[in-house]
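Structure at a glance
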Amino acid sequence: MKLLLIGGGGREHALAWKLSQSSHVEEILVVPGNPGIARVPKCKCVDLALDDLNKMADYAEENSIDLTVVGPEATLVAGIADIFRSRGLPIFGPNKAAAEIEGSKAFSKRLMKKYNIPTADFQVCTDLETAKSFIAEHGAPIVVKADGLAAGKGVVVAMTVKEALDAVTEMMADHKFGAAGASVVLEEFMDGEEASLLAFTDGKIVIPMVASQDHKRVNDGDEGPNTGGMGAYAPAPVMTEALRVKAVETILKPVIAALNKEGRSYSGCLYAGLMIKGDEVKVVEFNCRFGDPETQVVLPLLDSDLADIMLACATGTLDVSMVRWKQQAAVCVILASGGYPGPYPKGLPITGLDEADKMDDVIVFHAGTRMQDGRIVTNGGRVLGVTALGGNIRAAKDKAYAAVDKIRFEGEHHRSDIAWRALKR
Ligand code: AMP
Ligand code: GLY
């Protein structure tokens, strides 16, 4: 198979790394890729504009691509899968109408309500005055969410009424997230522990992956501002086998069936962000793609051929026998630029990458790097994801941090407590 992979972050490096291990894959063209991906066997990075979807389809056709795999949500929400499918090009990822499950939080919440999928109570508001009076009436805590895509920044968990009022004003009057904030979802606050459950689906059957947990706050002890994710681990013990079965039966299967019923058949990876409290599991959000950094711990635990699974998702031939997992654990520590998630410098040389990468059961995924004068330098807030495998979470964590110790760049920041919730149990 010849593959086209779209994206250039840590998630796509993990996808490229796993796909390259398939004996059925000869070549992977990655748009735009990154310096880490460029070193993965069989991978070649290609500089194409990501926003021109027709050009991408031309490219896939010209290069006889057997399967296209899409990383980022924005490309799916923009409708890349519709264009590829209309031209007979197999693609892993949902059509535009199905990707709305992430593209519009209002759509996603209404769908869950209509089909009795457990989630927090909510109200959709399209004008500021209604939103303000709902907040005043409801009180705090309350969660304010921009309806559309906001690069993971459109959610405010407001602990006071003032915070909530400020958030809706920023979204609806100051247009902080542009059109994405024209509607907001006001949501009941849910207490509990979060976990991510990703699943493969071909639109008919749903196969969950191992549950994982990411760490959104920038500092140890889950303090400081939210980030795109400072680390992750899998499997997440908060998701017991009983809860996993419950999540599959009451959430994953019903939502795929609901989307089918609504004429929005979904295939690809479905990401369920879940809140767990006692024996209750509720949906925080759905995403229409792999999670980042979750992918950097989930895919290393996959014991099967990812290319075969993805092709089966794209062609409606998925079977449970295709997906097996290693009985191991994985921990990923993100190395971020100093200042992130605020402003940060770029272009700083990174050392120790090869030493870390050489370690057994360690993979250094690149998230925000670029080549400059023959050297790898920083190029983003989240720079690297250092993943290690081990017999259990403790062993994987120790190995990941041993690898992290070998890597240096000026101002580098990482959390030292990734997987603490699992270890506390
Ligand atoms: P989302 O982008 O919808 O996943 O929201 C980002 C983060 O905000 C989630 O990972 C949760 O930590 C938090 N969050 C979202 N909705 C709620 C809720 N209803 N109750 C409590 N926390 C929430
Ligand atoms: N780790 C959160 C996400 O990928 O949305």
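Data block above holds the structure.
Residues numbered from 1 in each chain as written. Chains lettered and ligands numbered in written order. Predicted model: local features only at pLDDT ≥ 70, side-chain atom pairs only at ≥ 80, totals over all residues. Heavy atoms only, no water.

1. Here's the deal with the packing of aromatic side chains
This is how it is decided: Geometry of aromatic contacts follows a simple scheme: Phe, Tyr and Trp rings, the Trp one being its six-membered ring, pair when their centres are within 6.5 Å, and the pair is stacked under 30 degrees between planes, edge-to-face over 60, tilted otherwise. A run of H or I in DSSP counts as a helix once it spans at least four residues, and a run of E counts as a strand once it spans at least two, with each numbered from the N terminus. Under the scheme applied here, a residue whose accessible area is under 20% of the maximum for its type counts as buried, over 50% as exposed, and between as partly exposed, the area being computed with a 1.4 Å probe on protein chains only. Only when the NZ atom of a Lys or the CZ atom of an Arg is both within 6 Å of the ring centre and within 35 degrees of the ring normal do we say a charge sits over the ring.
Following the criterion strictly, the structure yields four aromatic pairs and no others. Aromatic side chains F200 and F290 sit 6.2 Å apart centroid to centroid with 70° between the ring planes, which places their arrangement in the edge-to-face category. Within this pair, whereas F200 is found in strand β10 (residues 193–201), its partner F290 is found in the loop between β17 (280–287) and α11 (295–298), the two being separated by 90 residues in sequence. Judged by relative accessible area, F290 falls into the buried class, the value being 2%. Note on Y340 and Y344: the rings are 6.3 Å apart at their centroids and 65° apart in plane angle, and the pair reads as edge-to-face. On the basis of relative accessible area, Y340 is assigned to the buried category, the value being 15%. An aromatic cluster is present here, built from F92, F200 and F290 joined pairwise through their rings. Seen from the ring of Y271, R289 lies directly overhead, with NZ or CZ sitting 5.7 Å from the centre.

2. Examining a nonpolar patch on the surface
We count it as follows: Without a salt bridge and with relative accessible area above 30%, a residue can belong to a patch; like charges are then joined within 9 Å and nonpolar side chains (Val, Leu, Ile, Met, Phe, Trp, Tyr) within 5 Å. Accessible surface area values rest on a Shrake-Rupley calculation with a 1.4 Å probe, where residue burial reflects the displayed protein chains alone. Definition used for salt bridges: Asp or Glu carboxyl oxygen within 4 Å of a side-chain nitrogen of Lys or Arg.
There is a patch of nonpolar side chains on the surface, built from V155, V157 and M159 and spanning about 240 Å² of accessible area. Taking relative accessible area as the criterion, V157 reaches 41% and is therefore assigned partly exposed.

3. Looking at the sheet that holds strand β1 (residues 2–7)
Strand pairing within a sheet occurs via backbone hydrogen bonds; the two strands may be parallel or antiparallel. Rules: Think of it this way: DSSP has to see at least two bridges between two strands before they count as a pair. Contacts were defined at the residue level, with two residues in contact if any of their heavy atoms lie within 4.5 Å. Axis definition: a line fitted to C-alpha atoms, over the contacting stretch in the case of helices. Angles run 0 to 180 degrees between N-to-C directions.
Pairing within the open sheet is parallel, and its five strands lie in the order β3-β2-β1-β4-β5. Each having just a single partner strand, β3 (43–45) and β5 (91–92) make up the two edges of the open sheet. Relative to strand β4 (residues 67–70), β1 is paired through four bridges, and the arrangement is parallel. Bridging across to β4, L3 finds its partner in L67. In the packing of helix α1 (residues 10–20) onto the sheet, the strands contacted are β1, β2 (27–32), β3 and β4, and the crossing angle to β1 comes to about 165°.

4. Brief notes about the sheet that holds strand β9 (residues 184–188)
In space, the four strands of this open sheet follow the order β6-β9-β7-β8, with antiparallel pairing throughout. The sheet is open, and its two edges are formed by β6 (122–125) and β8 (155–158), each paired on a single side. Across the sheet, the mean angle from the axis of one strand to that of its neighbour is 20°, orientation sign disregarded. The sheet strands contacting helix α7 (residues 105–114) are β6, β7 (142–146), β8 and β9, and the helix crosses β6 at an angle near 140°.

5. Here's the deal with the site of ligand 2
Note the threshold: Nearness of a residue to a molecule or strand requires only that one of the residue's heavy atoms be within 4 Å of it. Distance and chemistry together define a polar contact, namely a pair of N or O atoms within 3.5 Å, with one atom able to donate a hydrogen and the other to accept it when in protein, and with adjacent residues in sequence counting only for side-chain atoms on both sides. Three residue categories are used. Nonpolar comprises Ala, Val, Leu, Ile, Met, Phe, Trp, Tyr, Cys and Pro, charged comprises Asp, Glu, Lys and Arg, and polar comprises the others, including Gly.
For ligand 2, the full set of nearby residues is D214, Y271, N287, R289, G291, D292 and E294. Within the contact set of ligand 2, a nitrogen atom lies 2.7 Å away from a side-chain nitrogen or oxygen of D214. The contact in question runs from an oxygen atom of ligand 2 to an N or O atom on the backbone of D292, over 3.0 Å. For the shell around ligand 2, the per-class residue count stands at one nonpolar, two polar and four charged.

6. Remarks on the environment of E12
Within the secondary structure, E12 is located in helix α1. Exposure remark for E12: the relative accessible area of 3% places this residue in the buried category. Remark: the alpha-carbon pair of E12 and F290, spanning 278 residues in sequence, is separated by 9.2 Å. Residues in contact with E12, not counting those within four places in the same chain, are L5, I6, G7, I37, G71 and P72.

7. A short note on the pairing of strand β14 (residues 223–226)
Where strand β13 (residues 217–219) meets β14, two bridges bridge the pair, whose relative direction is antiparallel. Across the sheet, N219 pairs through a bridge with E223, a residue of β14. In this structure, the hairpin formed by β13 and β14 is closed by a connection of three residues, where G221 is found at a positive phi of approximately 75°.

8. A few points about the site of ligand 1
The environment of ligand 1 is made up of 14 residues, and the closest members are E187, M190, E194, K216 and E285. M190 has a polar backbone atom sitting 2.8 Å from a nitrogen atom of ligand 1. A distance of 2.4 Å separates an oxygen atom of ligand 1 from a polar atom in the side chain of E194. A total of 470 Å² of accessible area belongs to ligand 1 in isolation, and the protein chains cover 89% of it. When the residues that make up the shell around ligand 1 are grouped by side-chain class, the tally is seven nonpolar, no polar and seven charged.

9. Digging into the environment of E188
Assignment of secondary structure puts E188 in strand β9. When its relative accessible area of 28% is taken as the criterion, E188 is described as partly exposed. Residues E188 and L423, spaced 235 residues apart in sequence, show a C-alpha to C-alpha distance of 30 Å. Once you skip the residues sitting within four places of it in the chain, E188 turns out to touch A120, D121, H138 and V143. Only 2.8 Å separates the side chain of E188 from the backbone nitrogen of D121, close enough to count as a polar contact.

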